[in-house]
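Report on the structure
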Amino acid sequence: MDKNVQEERFTEMIKFTPPLYKQRYQFIKDLVWKYKPKKVADLGCADCTLLWMLKFCSCIEVLAGLDISLALLCDYLQPAERSLTVTLHHGSVAHKDPCMLGFDLITCIELIEHLEEPELEKFPEVVFGFMAPAMVVISTPNSEFNPLLPGVTPFRHPDHKFEWNRAEFQSWALNIARSYDYSVEFTGVGPPPTGMEEVGFCTQIGVFIRKYSQTIIQKIRERLTRIKELQGFTCLIFKYSLLSEFSVYPSLKDEKYLQIAVVSEVVFTAQVIKRNLLDHLHSEHEEYSDGPVEIKSKSQHSENCVSEELAVEKCMEPSVSGNVVYIPLTKIFSFPKVNQLCGTFEKLYKLIADKVTLSSDGSAMVVDIEQEYEEEEN
């Protein structure tokens, strides 16, 4: 069972708003907005929800996810407003791999409690010694909160190998900070009910910040890695498998990708407008007639303001004529996402002119009524 779903079952009685897992992700997003890291990796990324949320943070140029088992649920192919590289790796946090070097922020959200003892012992050296990012965020359940969660016996998730109280987590974290020259601050999300503050947050969080400069060390590591690759020792160095589901977000500054994004959004918007219009005409017909619906008979008010294609520009609202719907480009341009992508009406026209069907005067997009119903029947 998904760890977030399992957790929500246990926290229904407490009524966290927003849900606890969303509070954890928001905590990470707030850190990203504050510190502006360019390269971020999520260890134990599972269904990639956090990566999907972070793709909207404009400061990030590289996102990476690592998990022993990945469920890919993300829309990684949509162009972004800037270039963004996303890679997903299959592997264990107990193994060192150069592909995880050079990151500014590494997150480990509800990860460590899933590790077997040998993996947990190797975790500090891999993350803090080898990867050595500028910042590490680790979250884990606070066992002191468990008595407030009905049904937790003994842990919140069947795959948890342990759950620490605050003293245990802080002792472990402080020892890591001392060993690898990091500072650490403790906080959490999911506050306890009023009057029970002594149990602490439902999720406890440690934020580690590296004290020393990594620039020289990083350059040495990258150079050694490159030398070993050239010597044919790659198989001895790289432990993770790069999944085929990796993507590079093309930048919307590139006219080609901007056109793809705009045309896609325009077509989607036109379908929404058409469906709303047809639904309105159907409901209007049913209100005054018990007979079968005929789009033509209920488009009289549209035909009053549109006489085939030549008069469509006189209508600011979509209209039906025969078996097609005319959707003025001014209507489409009024939708926020289309407006944001194009900036100007002239830009919109330029990008879609030879990609969609337009009326003879170019003022409206022409959409076939029957096409939608054929698609629905299929």
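Residues numbered from 1 in each chain as written. Predicted model: local features only at pLDDT ≥ 70, side-chain atom pairs only at ≥ 80, totals over all residues. Heavy atoms only, no water.

In this section: the confidence of the model for the protein. Chain-level statistics for the protein give a pLDDT mean of 80 and a share of 72% at 70 or above. Across residues 72-77, confidence stays below pLDDT 50; counting only partners more than four residues off in sequence or on other chains, it has 17 contacts. (pLDDT = per-residue confidence, 0-100. Contact = heavy atoms within 4.5 Å.)

Evaluation of the coordinates by the stated rule reveals seven salt bridges. For Asp159, the salt bridge is made with Lys161, and the minimal N-O distance between the two is 3.0 Å. Judged by relative accessible area, which is 35%, Asp159 ranks as partly exposed. A salt bridge links Lys347 to Glu255; the shortest N-O distance between them is 3.2 Å. Remark: Glu255 occurs in helix H8 (residues 255-288) and Lys347 occurs in helix H12 (residues 345-352); sequence separation between them is 92 residues. (Salt bridge = Lys/Arg side-chain N within 4 Å of Asp/Glu carboxyl O. Buried < 20%, exposed > 50% of the residue type's maximum accessible area, 1.4 Å probe, protein only. Helix = DSSP H or I, 4+ residues; strand = E, 2+ residues; numbered from the N terminus.)

With that settled, consider the environment of Gln204. Positionally, Gln204 belongs in strand E7 (residues 203-210). A C-alpha to C-alpha distance of 6.1 Å links Gln204 and Pro141, two positions 63 residues apart in sequence. Here Gln204 is in contact with Ile138, Ser139, Thr140, Pro141, Asn142, Trp164, Asn165, Arg166, Phe169, Thr187 and Gly188, once residues within four sequence places are set aside. Side-chain polar atoms of Gln204 contact the backbone oxygen of Pro141, separated by 3.1 Å. (Polar contact = N/O pair within 3.5 Å; in protein donor to acceptor, adjacent residues only side chain to side chain.)

Between helix H4 (residues 117-131) and helix H5 (residues 166-180), the shortest axis-to-axis distance is 11 Å and the interhelical angle comes to 45°. Between H4 and H5, the crossing angle belongs to the class labelled oblique. In the crossing of H4 with H5, the sense of the turn from one axis to the other is right-handed. Each of Leu120, Phe123, Pro124, Glu125, Phe128 and Gly129 in H4 lies in contact with H5, whose residues at this interface are Trp172, Ile176 and Tyr180. Each residue belonging to the contact of H4 with H5 can be placed in one class, and the counts come to seven nonpolar, one polar and one charged. (Axes fitted to C-alpha atoms, helices over the stretch in contact; angles between N-to-C directions. Parallel < 35°, antiparallel > 145°, perpendicular 65-115°, else oblique. Left-handed = near helix turned anticlockwise from the far one by under 90°. Nonpolar A, V, L, I, M, F, W, Y, C, P; charged D, E, K, R; others polar.)

Along its 15 residues, H4 runs 20 Å from first to last C-alpha, staying within 8% of the 21 Å computed at 1.5 Å per residue. Most pronounced at Phe123, the bend in H4 amounts to some 30°, and the proline Pro124 follows within four residues. Here H4 has its buried residues at Leu120, Phe123, Pro124, Val126, Val127, Phe128, Gly129, Phe130 and Met131. Ala132 occupies a position one or two residues after H4 and carries a positive phi of about 45°. (Expected span 1.5 Å × (residues − 1). Bend = angle between axes of the 7 residues up to and from the residue.)

A few words now on the pairing of strand E4 (residues 105-109). Taking burial as the measure, the five residues of E4 include five buried ones, the bulk of the element. Of the two faces of E4, both are covered, the one formed by Leu105, Thr107 and Ile109 as well as the one formed by Ile106 and Cys108. Bridge analysis of strand E1 (residues 39-43) against E4 gives three bridges, and the strand direction is parallel. In the strand pairing of E4, Ala41 is matched with Ile106. Inspection of the sheet shows E4 paired to strand E5 (residues 135-141) by five bridges, in the parallel sense. Each bridged residue has a counterpart across the sheet, and for Leu105 the counterpart in E5 is Met135. Taken together, E4, H4 and E5 form a β-α-β motif whose crossover is right-handed. (Pairing = 2+ DSSP bridges. Right-handed = clockwise from strand over helix to strand, strands pointing away.)

This part is about the packing of aromatic side chains. Tallied over the entire structure, the rule returns 12 aromatic pairs. Summarising the aromatic geometry, the rings of Phe333 and Phe345 are spaced 5.9 Å apart at their centres and angled 90° between planes, so their arrangement reads as edge-to-face. Pair noted here: Phe333 is in helix H10 (residues 329-333) and Phe345 is in helix H12, with a separation of 12 residues, a long-range link. Residue classification places Phe333 among the buried residues on the basis of a relative accessible area of 15%. When the ring centre of Phe103 is taken as reference, the NZ or CZ atom of Lys39 above it lies at 4.9 Å. (Phe/Tyr/Trp six-rings, centres within 6.5 Å; stacked < 30°, edge-to-face > 60°. Lys NZ or Arg CZ within 6 Å of the ring centre and 35° of its normal.)

This brings us to the side chain of Asp67. Note on placement: Asp67 falls in strand E2 (residues 62-67). Side-chain polar atoms of Asp67 contact the backbone nitrogen of Cys45, separated by 3.2 Å. One polar contact links the side chain of Asp67 to the main-chain amide nitrogen of Ala46, over a distance of 2.7 Å. Leave out the neighbours within four places in its chain, and Asp67 touches Gly44, Cys45, Ala46, His89, His90 and Gly91.

Spatial strand order, E10-E11-E12: three strands in an open sheet with antiparallel pairing. Lying at the two open borders of the sheet, with one neighbouring strand each, are strand E10 (319-321) and strand E12 (364-368). Geometrically, the sheet is characterised by an average inter-axis angle of 30° between neighbouring strands, direction not taken into account. Of the strand pairs in this sheet, strand E11 (residues 324-328) and E12 are connected by five bridges, and their pairing is antiparallel. Looking at E12, one finds that Val324 is bridged to Asp368.

The next thing to look at is the side chain of Asp47. Among the secondary structure elements, Asp47 is positioned in the loop between E1 and helix H3 (49-54). Take Asp47: its relative accessible area is 15%, and that puts it in the buried class. Side-chain polar atoms of Asp47 contact the side chain of Thr49, separated by 2.7 Å.

What follows covers the nonpolar core. Core analysis: the largest hydrophobic core is formed by 34 residues, its most contacted members being Phe27, Ile28, Val32, Leu54, Ile60, Leu63 and Val137. Residue assignment for this core shows that the elements contributing at least two residues are helix H2 (20-35), H3, strand E3 (84-90), E4, E5 and E7. Counting residues in each nonpolar core, the second largest holds 33 residues, with Met100, Phe162, Trp172 and Ala173 among its members. (Core = buried A, V, L, I, M, F, W, Y, C linked by side-chain atoms within 4.5 Å.)

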